[in-house]
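Single-letter residue listing:
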Amino acid sequence: MNKKISMIGVPLDLGADRRGVDMGPSAIRYAGVVKRLEGLGYSVKDLGDIPVKRPENFEETDNHKYLHQVLEANERLATQVALEIEDGRFPLVLGGDHSIALGTIAGIAQTKKNLGVIWFDAHGDINTGLTSPTGNIHGMPLAASLGIGHDALVKLGGYGPKIKPEHVVIIGARDLDPGERELIKEIGIKVYTMHEIDRLGMTRIMEETIGYVTQGTDGVHLSLDLDGLDPLYAPGVGTPVIGGISYREGHLAMEILAEADILTSAEFVEVNPILDQKNATAGVAVALMSSLFGDKLL
């Protein structure tokens, strides 16, 4: 894996419309992410946080809350991510809510024309304004990156779509809205729900996933929402769903990805310190990153 990491924080909570997750990047830094990765032999350049403007009043556009502010922050993120990739570095993005995947993927896709995406999440994040029950954009980034949804989200960065359905795998899903289920079936995205994880085991699922996302792709991005883990292990998330991935299953998945050495970028999102217990969820995020970047017991 690329030994030069560029860490980018995105203190955005407007996509979730719930305060607290904007402090996620600070919580992850406080949990010692830089020291942990440097201890593994990586050169870490912390670029600080992308500026995020907060509106004075509540805004909603076509069932998209804070559309303009979310777009502005993600445009800045996309530009920064693209610059780091062009400089030969590995972008590691810290959220913030999952709407930041819009900017991360937009930036990566400027240099990777057939990007594979592994989406660890309790949710599909494949809603549009027509299907979303909340209007929260953090439930829409995968759809928009696939070219489905509001034109402004789809064309973020000046083009779209950024990724193809056959290059995406969702792992850990257990809470899908009706419109998401229909769209997943319609476009044929590969989804491993908790049923498959229980039945097949994480090792087989990761092996199949790696084979899937490396077929015909020129890079692989990991988008990991901490609510993919069971709230027993990651309580500090905005939309917890019981019955999720265990702590050890999460580490096993990261360890298998480290051994496969396929990732070209990654993001960890939805850490909400206000809802957390003694920064435990940020600590879990850092521990998972450590496994992802090759930490081993022996």
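About the cut-offs
- Residues numbered from 1 in each chain as written.
- Predicted model: local features only at pLDDT ≥ 70, side-chain atom pairs only at ≥ 80, totals over all residues.
- Heavy atoms only, no water.
- Helix = DSSP H or I, 4+ residues; strand = E, 2+ residues; numbered from the N terminus.
- Expected span 1.5 Å × (residues − 1).
- Buried < 20%, exposed > 50% of the residue type's maximum accessible area, 1.4 Å probe, protein only.
- Contact = heavy atoms within 4.5 Å.
- Pairing = 2+ DSSP bridges.
- Polar contact = N/O pair within 3.5 Å; in protein donor to acceptor, adjacent residues only side chain to side chain.
- UniProt positions renumbered as here; feature names shortened; annotations may be inferred.

Caption draft 1: Representation of helix H11 (residues 280-292) within the structure. With 13 residues, H11 should cover 18 Å at 1.5 Å per step; its first-to-last C-alpha distance of 18 Å lies within 8% of that length. Judged by how many residues are buried, H11 sits mostly within the fold: 11 of 13 residues are covered. By the burial criterion, the buried members of H11 are Thr-281, Ala-282, Val-284, Ala-285, Val-286, Ala-287, Leu-288, Met-289, Ser-290, Ser-291 and Leu-292. Those residues of H11 hidden inside the fold are in contact with helix H1 (24-30), helix H2 (33-38), strand S3 (90-95), strand S7 (219-225), helix H10 (247-260) and strand S8 (265-269). Once H11 finishes, Gly-294 follows within two positions and takes phi at roughly 105°, a positive value.

Caption draft 2: The arrangement of the pairing of strand S4 (residues 115-120) in detail. In terms of residue burial, S4 counts as a mostly covered element, since 6 of its 6 residues are buried. Summarising the sheet, S4 and S7 pair through 6 bridges and their orientation is parallel. Among the inter-strand pairings, Phe-120 is bridged to a residue of S7, identified as Leu-224.

Caption draft 3: Quick look at the side chain of Asp-22. Turning to its location among the elements, Asp-22 is positioned in the loop between strand S1 (4-10) and H1. For Asp-22, a relative accessible area of 18% corresponds to the buried category. Reaching out from Asp-22, the side chain makes a polar contact with the side chain of Arg-19 at a distance of 3.1 Å. In terms of polar contacts, Asp-22 uses its side chain to reach the backbone amide nitrogen of Gly-20, at 3.1 Å. What Asp-22 contacts, discounting residues up to four positions off in sequence, is Pro-11, Leu-12 and Asp-13.

Caption draft 4: The arrangement of the UniProt feature "binding site: Mn(2+)" (unreviewed entry) in the chain in detail. Under the local residue numbering, the UniProt record ascribes the feature "binding site: Mn(2+)" (unreviewed entry) to His-98, Asp-121, His-123, Asp-125, Asp-225 and Asp-227. A maximum C-alpha distance of 12.1 Å places the annotated residues, which cover 130 residues in sequence, within one compact spot. Looking at the element boundaries, Asp-121 is found in the loop between S4 and helix H5 (141-145). The residues contacting Asp-121, other than those within four sequence positions of it, are His-98, Ile-171, Gly-172, Ala-173, Asp-225, Asp-227 and Gly-228. There is a polar contact of 3.3 Å between the side chain of Asp-121 and the side chain of Trp-119. Within the fold, Asp-227 resides in the loop between S7 and H10. For Asp-227, a relative accessible area of 1% corresponds to the buried category. When near neighbours in sequence (up to four residues on either side) are disregarded, Asp-227 contacts Asp-121, Ala-122, His-123, Arg-174, Val-237 and Thr-239. A distance of 3.2 Å separates a polar atom in the side chain of Asp-227 from a polar atom in the side chain of His-123.

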